[in-house]
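# Residue-level structure breakdown
Okay, here's what each chain looks like letter by letter:
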Amino acid sequence: MIELVGDKITLTEATTRHIDELYYWKFEEKEQAAKKWNGPYIPELEMTMDEYRESWEMNYFITGQVPNTLVILAGNKLIGTVGSYWIDKHTDWLETGIVIYDKRYWNGGYGTEAYKRWISYLFQATDIHRLGMSTWSGNSRMIKVAEKAGMKEEARIRQARMVDGTHYDAIKMGILRIEWESLFRS
């Protein structure tokens with residue numbers, strides 16, 4: 001069982017209880033505040049609890065024994081997830097992300113600590129050359145978190161995302177292993 005312990009958060013593999021809690025945050029919680037920031041331009045298909053549980057098992061490992069998602073705990077409270085997905089396995093192009101579902105934990109450094117630990121874990125557990133992330137220009141908090149993790153803006157696709165009737169730029173950011181090593185492995 002993977003457990004990455006920080007000052008404010010712990011990243012760990014999801015238990016059945018965690019998966020059930022995530023289902024609540026993704027599909028049942030009334031406000032759905034996180035969906036206003038985390039890819040609000042991507043439609044999310046509704047799932048039953050059983051379908052959601054099954055989705056956790058599909059393609060669970062990105063490589064070897066490295067899971068594609070860990071849950072973020074603040075104390076014993078589940079507040080979000082960090083994740084990754086392949087854009088192109090053949091060229092070693094892996095994207096990463098983070099979602100803090102419980103907005104009471106926004107702007108408190110929880111996301112920054114979790115994302116930095118996730119990036120470090122992925123570089124330590126794999127031989128991947130670079131890690132990236134994608135967001136939209138209206139999500140300034142995610143852009144700041146990525147910058148604090150050492151990522152640089154690599155592409156800006158002008159007015160490619162529509163949120164609430166307004167066009168925003170699509171943002172691509174990334175960090176190379178050599179950059180991460182110079183920043184965080186000294």
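Residues numbered from 1 in each chain as written. Predicted model: local features only at pLDDT ≥ 70, side-chain atom pairs only at ≥ 80, totals over all residues. Heavy atoms only, no water.

Within the protein, the regular secondary structure consists of 5 helices and 10 strands. For 186 residues, the compact-globule estimate of 2.2 N^0.38 gives 16 Å, and the C-alpha radius of gyration of the protein, at 16 Å, lies within 12% of that figure. Considering only C-alpha atoms, the protein reaches an extent of 45 × 40 × 35 Å along its principal axes. When burial is assessed residue by residue, the protein has 46% of its 186 residues classed as buried. Summed over all atoms, the accessible surface of the protein reaches about 10,500 Å², with 49% contributed by carbon and sulfur. In the protein, 24 positive and 27 negative side-chain charges are present, and the distance between their average locations comes to 6 Å. (Helix = DSSP H or I, 4+ residues; strand = E, 2+ residues; numbered from the N terminus. Rg over C-alpha atoms; globule rule 2.2 N^0.38 Å. Buried < 20%, exposed > 50% of the residue type's maximum accessible area, 1.4 Å probe, protein only. Areas by Shrake-Rupley, 256 points an atom, 1.4 Å probe, with all protein chains shown as cover. Lys, Arg positive; Asp, Glu negative; His and termini not counted. Charge placed at Lys NZ, Arg CZ, Asp CG, Glu CD.)

The subject of this paragraph is the pairing of strand S10 (residues 166-176). In terms of strand pairing, strand S8 (residues 130-136) meets S10 through 7 bridges, oriented antiparallel. Opposite Thr-135, over in S10, you have Ile-171 as the bridge partner. Judged from the 8 bridges that link them, strand S9 (residues 152-163) and S10 form a sheet pairing that is antiparallel. Its bridge partner being in S10, Ile-157 is matched across the sheet by Ala-170. Connecting S9 to the antiparallel partner S10 that follows it, the hairpin turn spans 2 residues, and Asp-164 within it adopts a positive phi of roughly 50°. (Pairing = 2+ DSSP bridges.)

This part takes up the packing of aromatic side chains. Evaluated as defined, the whole model comprises 11 aromatic pairs. Seen from their ring centres, Tyr-52 and Trp-56 are 6.4 Å apart, and the 85° between their planes marks the pair as edge-to-face. Of this pair, Tyr-52 and Trp-56 are both found in helix H2 (residues 49-57), 4 residues apart, which corresponds to roughly one turn of the helix. When sorted by exposure, Tyr-52 lands in the same class as Trp-56, which is buried. A ring pair is formed by Tyr-105 and Tyr-110, whose centres lie 5.0 Å apart and whose planes are at 85°; its orientation type is edge-to-face. Taken together through their ring pairs, the aromatic side chains of Tyr-23, Phe-27, Tyr-52 and Trp-56 make up a single cluster. (Phe/Tyr/Trp six-rings, centres within 6.5 Å; stacked < 30°, edge-to-face > 60°.)

Once that is clear, we can look at the pattern of salt bridges. Inspection of every chain in the model, using the stated rule, returns 13 salt bridges. Linking Lys-172 and Glu-95 is a salt bridge whose minimum nitrogen-to-oxygen distance equals 3.5 Å. Here Lys-172 is found in strand S10, whereas its partner Glu-95 is found in strand S7 (residues 93-100), with 77 residues between them in sequence. For Asp-169, the salt bridge identified is with Arg-156, shortest N-O distance 2.9 Å. Residue Asp-169 is located in strand S10, and its partner Arg-156 is located in strand S9; the two are separated by 13 residues in the primary sequence. We classify Asp-169 as buried; its relative accessible area is 14%. A single network of salt bridges, built from pairs that share partners, joins Asp-20, Asp-50 and Arg-53. (Salt bridge = Lys/Arg side-chain N within 4 Å of Asp/Glu carboxyl O.)

This part covers the side chain of Asp-102. With respect to the helices and strands, the residue Asp-102 is situated in the loop between S7 and helix H3 (110-125). Side chain to side chain, Asp-102 and Arg-104 meet in a polar contact 2.7 Å long. Discounting chain neighbours no more than four positions away, the residues touching Asp-102 are Trp-25, Lys-77 and Ile-79. (Polar contact = N/O pair within 3.5 Å; in protein donor to acceptor, adjacent residues only side chain to side chain. Contact = heavy atoms within 4.5 Å.)

The next point concerns the packing of H3 against helix H5 (residues 177-184). As a packed pair, H3 and H5 sit with axes 11 Å apart at the nearest point and diverge in direction by 120°. Considering the angle they form, H3 stands oblique to H5. Crossing hand, H3 versus H5: left-handed. Facing H3, whose interface residues are Lys-116, Ile-119, Ser-120, Phe-123 and Gln-124, H5 presents Arg-177, Trp-180 and Phe-184. For the contact of H3 with H5, the per-class residue count stands at 4 nonpolar, 2 polar and 2 charged. (Axes fitted to C-alpha atoms, helices over the stretch in contact; angles between N-to-C directions. Parallel < 35°, antiparallel > 145°, perpendicular 65-115°, else oblique. Left-handed = near helix turned anticlockwise from the far one by under 90°. Nonpolar A, V, L, I, M, F, W, Y, C, P; charged D, E, K, R; others polar.)

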